[in-house]
Every structure is written in structure tokens, then in C-alpha cells.
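What follows is the residue order along each chain.
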Number of protein chains: 2
Amino acid sequence: MNSLLLVAHGSRREQSNEEVRLLAEKLKHRCGENYPVIHAAFLEIANPLIPAGLQKCIDAGASKITVLPYFLNTGRHVAEDIPEIVEAFKQNADVEINIAAHLGASEMMLDLLVGVAVE
Amino acid sequence: MNSLLLVAHGSRREQSNEEVRLLAEKLKHRCGENYPVIHAAFLEIANPLIPAGLQKCIDAGASKITVLPYFLNTGRHVAEDIPEIVEAFKQNADVEINIAAHLGASEMMLDLLVGVAVE
């Protein structure tokens with residue numbers, strides 16, 4: 001069963017973390033057919049951290065997990081930190097995990113920027 | 001004359017900063033009519049920093065600048081740091097500066113997430 005884990009950086013402002021969890025909730029309504037299980041997780045500061053988030057997906061019955069980095073740029077977090085954490089988790093878990101392109105890589109990002117800029 | 005300043009966090013990976021500058025270049029082609037002058041700037045780590053970016057807009061003839069925070073969440077950077085830097089700059093500049101909603105606040109963000117998740 002397919003599962004989606006939305007991974008954000010994590011903030012000291014709990015409101016910011018709540019935004020991410022809310023986004024994951026909204027995704028359930030939009031991607032429920034593709035991903036029966038969707039959770040949010042954080043690279044640092046907020047809970048659940050990525051390994052705990054992956055485990056939540058497995059506990060819910062996931063055999064395949066897509067990690068979606070909620071990051072704009074290919075900074076160190078996207079290029080190194082998230083892949084390393086996922087790789088370490090895979091060593092001890094019988095599950096297939098893929099990391100999707102981060103948001104900043106999407107062609108739609110330019111449209112979104114234009115929308116915000118001229119609105 | 002209207003000007004747009006795309007403000008990102010700034011990364012130690014120069015490739016990430018280049019992505020932001022490239023995005024600003026692309027915006028020129030899409031928003032040139034609304035904003036004859038468009039530049040990129042960074043909150044920290046990379047150049048130009050926000051005050052230098054604002055000054056570049058003024059030097060190019062801007063009388064009004066829209067700051068567009070290239071951030072996903074309303075963390076401390078969006079809620080406090082950027083407004084404080086902009087406010088401090090305004091004390092010594094004869095220019096109108098507005099801060100646009102950050103990207104994460106856009107309704108299009110959910111569409112973008114869905115696009116990345118199911119592609």
C-alpha cells in the first residue's frame with residue numbers, strides 16, 4: 001500500500017508546524033486514491049521526526065512510501081540530510097522508500113510566484 | 001516605478017542561491033509589465049542581502065518595491081526577520097515597500113503539492 005510522507009524543516013513556531021500538518025490533511029482529500037496513508041514529518045525541531053513519520057506510515061500498513069520534501073531549494077537539507085536519514089532508516093525496515101523531487105523543482109513554482117506577485 | 005524583490009533564505013550551497021537568481025530572471029519574462037525591475041536577495045549567507053537588494057531596485061529607478069518572501073511557512077524569518085529588516089531600511093529611504101504574502105500562503109501551493117505527489 002502506497003503512503004506519502006510530507007517532510008518539512010520544522011520550526012520553533014508551532015504555528016508553522018501546524019501549517020504543514022494541515023497541508024498533509026488537505027492532501028489526504030486530494031491524493032487519497034493514490035496514497036491511502038499520508039502523514040507529515042520534520043527534519044528537525046518538530047515532531048514527528050522523519051524516522052518516526054516513516055514508522056507511522058508502516059504501522060498504518062504502508063509497503064511503499066514516497067517522501068515529499070517540502071523545501072524550495074536544493075540546499076544541504078534536500079541534497080544530503082533527508083537522503084541520509086531515509087537511507088539509514090531503510091537499513092532496518094522492509095519497505096520501499098522513494099524521495100520525490102522537492103517543490104522548488106516543479107515547473108508550477110514559476111506560475112505560483114507570478115500569481116503571488118501580480119495579485 | 002514598480003519593482004519586485006524576490007527574497008530567499010540564502011544557502012551555503014551556491015547552486016541553491018543560483019536557483020533563486022534564475023527564478024528572478026524567469027520572473028522578468030513573466031512579470032515585466034507589472035515590474036520593470038526585478039531582483040533577487042537573501043536573508044542571510046548569500047549576496048545581495050535584503051538591504052543591498054532594495055538599494056539595487058532604487059538605483060534602477062524604483063519608487064515602489066514589492067518584497068516577495070520565497071518561503072514556505074510563516075516561521076520566524078517570514079513573521080519577524082524580513083519585516084524588521086524592511087522596516088529598518090525604510091527609515092532611511094524615500095521609497096514605498098510592501099511585503100507580499102509568502103508562497104506557502106497561496107492556494108496554488110496545494111495544487112503544486114498534488115502535482116508533485118502524483119506525477
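Our structure is the block above this text.
A. Molecular detail of the overall build of chain A. Helix and strand counts for chain A come out as four helices and four strands. In chain A, the succession of α and β elements from N to C terminus is β-α-β-α-β-α-β-α. Taking 119 residues into account, the globule formula puts the C-alpha radius of gyration at 14 Å, and chain A, at 14 Å, falls close to it. The dimensions of chain A, computed from C-alpha atoms along their principal axes, are 50 × 30 × 30 Å. Residues counted as buried form 50% of the 119 residues belonging to chain A. Residue pairs in contact within chain A that sit at least 24 positions apart in sequence constitute 70% of those at least 6 positions apart. When the accessible surface of chain A is summed, it comes to about 5600 Å², and 48% of that surface belongs to carbon and sulfur atoms. Within chain A, the 16 negative side-chain charges are centred at a point lying 5 Å from the centre of the 10 positive side-chain charges.

B. Representation of the relation of the copies chain A and chain B. The transform that puts chain A on chain B rotates by 180° and translates by 0.0 Å along the axis, for an RMSD of 0.0 Å. One copy is carried onto the other by what is essentially a two-fold rotation axis. Residue Leu 72 of chain A of chain A places its C-alpha closer to the rotation axis than any other residue of that unit, at 3.7 Å. Counting the interface residues of chain A, we find that 100% of their copies in chain B are interface residues as well, pointing to one common contact surface.

C. Inspection of the environment of Glu 96 of chain B at higher detail. Assignment of secondary structure puts Glu 96 of chain B in strand S4 (residues 96-99). In this view, Glu 96 of chain B contacts Ser 63, Lys 64 and Ile 65 of chain B; residues no more than four positions away in its chain are not counted.

D. Inspection of the state of the cysteines at higher detail. All names here are of chain A. Under the criterion given, the structure shown has zero disulfides over all chains. Distance from the sulfur of Cys 57, which forms no disulfide, to the nearest cysteine sulfur (Cys 31) is 14 Å. Looking at Cys 57, the relative accessible area reads 0%, which means it is buried.

E. Seen up close, the interface of chain A and chain B. In this complex, chain A contributes 41 residues to the contact, which on the side of chain B involves 41 residues. Summing both sides of the interface, chain A and chain B together bury roughly 3700 Å²; the carbon and sulfur share of this comes to 67%. Contact with chain B buries area across many residues of chain A, yet Leu 72, Leu 112 and Leu 113 of chain A alone supply 16% of it, more than any other trio. Residue Asp 111 of chain A pairs with Arg 30 of chain B through a salt bridge whose shortest N-O separation is 3.0 Å.

Calculation rules
Residues numbered from 1 in each chain as written. Chains lettered and ligands numbered in written order. Predicted model: local features only at pLDDT ≥ 70, side-chain atom pairs only at ≥ 80, totals over all residues. Heavy atoms only, no water. Helix = DSSP H or I, 4+ residues; strand = E, 2+ residues; numbered from the N terminus. Rg over C-alpha atoms; globule rule 2.2 N^0.38 Å. Buried < 20%, exposed > 50% of the residue type's maximum accessible area, 1.4 Å probe, protein only. Contact = heavy atoms within 4.5 Å. Areas by Shrake-Rupley, 256 points an atom, 1.4 Å probe, with all protein chains shown as cover. Lys, Arg positive; Asp, Glu negative; His and termini not counted. Charge placed at Lys NZ, Arg CZ, Asp CG, Glu CD. Least-squares fit on C-alpha atoms with pLDDT ≥ 70 in both. Disulfide = S-S within 2.5 Å. Buried area = accessible area lost by both parts, 1.4 Å probe. Salt bridge = Lys/Arg side-chain N within 4 Å of Asp/Glu carboxyl O.

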